[in-house]
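Chain by chain, the residues:
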Amino acid sequence: SRVDGVTFADGPNSRFGLGTRELTGEGPVDADQITQSVSIENLHQTVIDLHYCRDPLADFGNLVKAGEYIESKLNSFGLQTGRQVFSVESSDDEFFNVVGVLNPGKTREILITSHYDHLKGIVGADDNLSGVSIMIECARALSVSNHHTTVKFVAFTLEEYNEEISTTGDLGMKIALGSQDYVQT
């Protein structure tokens, strides 16, 4: 079948929308091969490497360290990397989203995102190291595949920060500052 210019062939993962795909008519991409190249060890190592406080209020230095780690990993896979720097009214610090681009300038683009900050008092894989590790491993796996699509990887920060949370601990209000800034620029 063909959806939005993508041809899906039968294969072991076709029921999940995977299988051999032809992107933008420029040649096949074997999604089964890409999926099989995903390393559980790499996923685990990223969680271990980043399992420390990344709360922007409690330890800004570690938040910066986490962003630098993500940027370094994306860069090591040959992606064009950069930072989207922004500030918030309640802080003198400059925050940054990490952006990595694979195959820039192609007609078709895919965006894969995660966030690397966490809620006050929560350190671990659930917030959001699982997403960060999957995003990084996707970048590694896709960087060695032959495909003809631009893939942008963005690690947002300040996704769960606002003055209300920082002063009252009220989790009912979340402001996705990093992704809002990314979309607005």
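Everything below is about the structure shown above.
Throughout what follows, the structure given in this document is the object of discussion.

Criteria and cut-off values
- Residues numbered from 1 in each chain as written.
- Predicted model: local features only at pLDDT ≥ 70, side-chain atom pairs only at ≥ 80, totals over all residues.
- Heavy atoms only, no water.
- Helix = DSSP H or I, 4+ residues; strand = E, 2+ residues; numbered from the N terminus.
- Buried < 20%, exposed > 50% of the residue type's maximum accessible area, 1.4 Å probe, protein only.
- Contact = heavy atoms within 4.5 Å.
- Areas by Shrake-Rupley, 256 points an atom, 1.4 Å probe, with all protein chains shown as cover.
- Arc of directions from axis to C-beta.
- Polar contact = N/O pair within 3.5 Å; in protein donor to acceptor, adjacent residues only side chain to side chain.
- Pairing = 2+ DSSP bridges.
- Axes fitted to C-alpha atoms, helices over the stretch in contact; angles between N-to-C directions.
- Expected span 1.5 Å × (residues − 1).
- Salt bridge = Lys/Arg side-chain N within 4 Å of Asp/Glu carboxyl O.
- Phe/Tyr/Trp six-rings, centres within 6.5 Å; stacked < 30°, edge-to-face > 60°.
- Lys NZ or Arg CZ within 6 Å of the ring centre and 35° of its normal.
- 1 Å grid on protein atoms, 1.4 Å probe; cavity = no way out; pocket = protein on both sides within 12 Å on 5 of 7 lines; lining within 4 Å.
- Points joined across faces, edges and corners; volume = space filled by probe spheres on them.
- Nonpolar A, V, L, I, M, F, W, Y, C, P; charged D, E, K, R; others polar.

This part covers the overall build of the chain. Secondary structure summary: the chain contains six helices and eight strands in total. Each helix and strand of the chain, placed in order from N terminus to C terminus, yields the pattern β-β-β-β-α-α-α-β-β-β-α-β-α-α. Out of the 185 residues belonging to the chain, those deemed buried represent 44%. Considering only intrachain contacts with a sequence separation of at least 6, the fraction spanning at least 24 residues in the chain is 60%. Accessible area of the chain: about 9700 Å², with a carbon and sulfur share of 50%.

Before going further, it helps to examine helix α2 (residues 40-49). Along an α-helix, a turn takes 3.6 residues, which lines up residues three or four apart on a common side. Three or more residues of α2 are buried, namely Leu-43, Thr-46 and Val-47. Buried residues along α2 cover an arc of 100° about the axis, so they all sit on one side.

Turning our eyes to something else, we now look at the side chain of Arg-140. Tracing the sequence through the fold places Arg-140 in helix α4 (residues 125-143). A distance of 2.6 Å separates polar atoms of two side chains, one belonging to Arg-140 and the other to Glu-137.

This part takes up the sheet that holds strand β6 (residues 94-102). Judged by pairing direction, the sheet is mixed, and its four strands sit side by side in the order β5-β6-β8-β7 without closing on themselves. Edge positions in the sheet fall to β5 (80-87) and β7 (109-115), since each of these pairs with one other strand and no more. With direction set aside, neighbouring strand axes in the sheet form an average angle of 20°. On top of the sheet, helix α3 (residues 60-76) reaches β5, β6 and β8 (150-156); it is set at about 10° to β6, its chief contact.

This next bit is on α3. Across its 17 residues, α3 extends 24 Å between first and last C-alpha, which sits within 8% of the 24 Å expected from 1.5 Å per residue. Every buried residue of α3 is accounted for by Asn-62, Leu-63, Ala-66, Gly-67, Tyr-69, Ile-70, Glu-71 and Leu-74. Just downstream of α3, Gly-78 is the residue with a positive phi angle, here 90°.

This part covers the pattern of salt bridges. Within this structure, the stated rule accounts for four salt bridges. One salt bridge in this structure joins Glu-109 and Lys-152, with 3.6 Å as the shortest N-O distance. Of this pair, Glu-109 sits in strand β7 while Lys-152 is found in strand β8, placing the two residues 43 residues apart along the sequence. A relative accessible area of 49% places Glu-109 in the partly exposed class. In this structure Lys-152 comes out as partly exposed when scored by relative accessible area, which is 24%. Ionic pairing is found between Arg-140 and Glu-137, a salt bridge with its closest N-O pair at 2.6 Å. In this pair, Arg-140 and Glu-137 are both assigned in helix α4, three residues apart and thus about one turn of the helix distant. For the pair Arg-140 and Glu-137, one class covers both residues: buried.

Turning our attention to the packing of aromatic side chains. Going through the model one piece at a time under the given rule, you end up with three aromatic pairs. Look at Phe-96 and Tyr-116: their rings are 6.4 Å apart centre to centre, the planes differ by 50°, and that puts the pair in the tilted class. Here Phe-96 is found in strand β6, whereas its partner Tyr-116 is found in the loop between β7 and α4, with 20 residues between them in sequence. Tyr-116 carries the same exposure label as Phe-96, and that label is buried. Members of the aromatic cluster, joined through ring pairs, are Phe-60, Phe-86 and Phe-95. A cation over a ring is seen here: Lys-65 above Tyr-52, with NZ or CZ 4.4 Å from the ring centre. Positioned above the aromatic ring of Phe-96 is the side chain of Arg-83, whose terminal nitrogen or guanidinium carbon lies 4.2 Å from the ring centre.

On to empty space enclosed by the protein, then. In this approach the atoms are scanned with a rolling probe the size of a water molecule, which exposes any empty space left behind. Going through the model one piece at a time under the given rule, you end up with two cavities of 30 Å³ or more. Considered as a void within the structure, the second largest cavity measures approximately 30 Å³ in volume. In terms of lining residues, the second largest cavity is bounded by Phe-60, Leu-63, Val-64, Glu-94, Phe-95, Phe-96, Tyr-116 and Thr-157. Mapped onto the lining of the second largest cavity, the elements with two or more residues apiece are α3 and β6. Partitioning the lining of the second largest cavity into residue classes produces six nonpolar, one polar and one charged.

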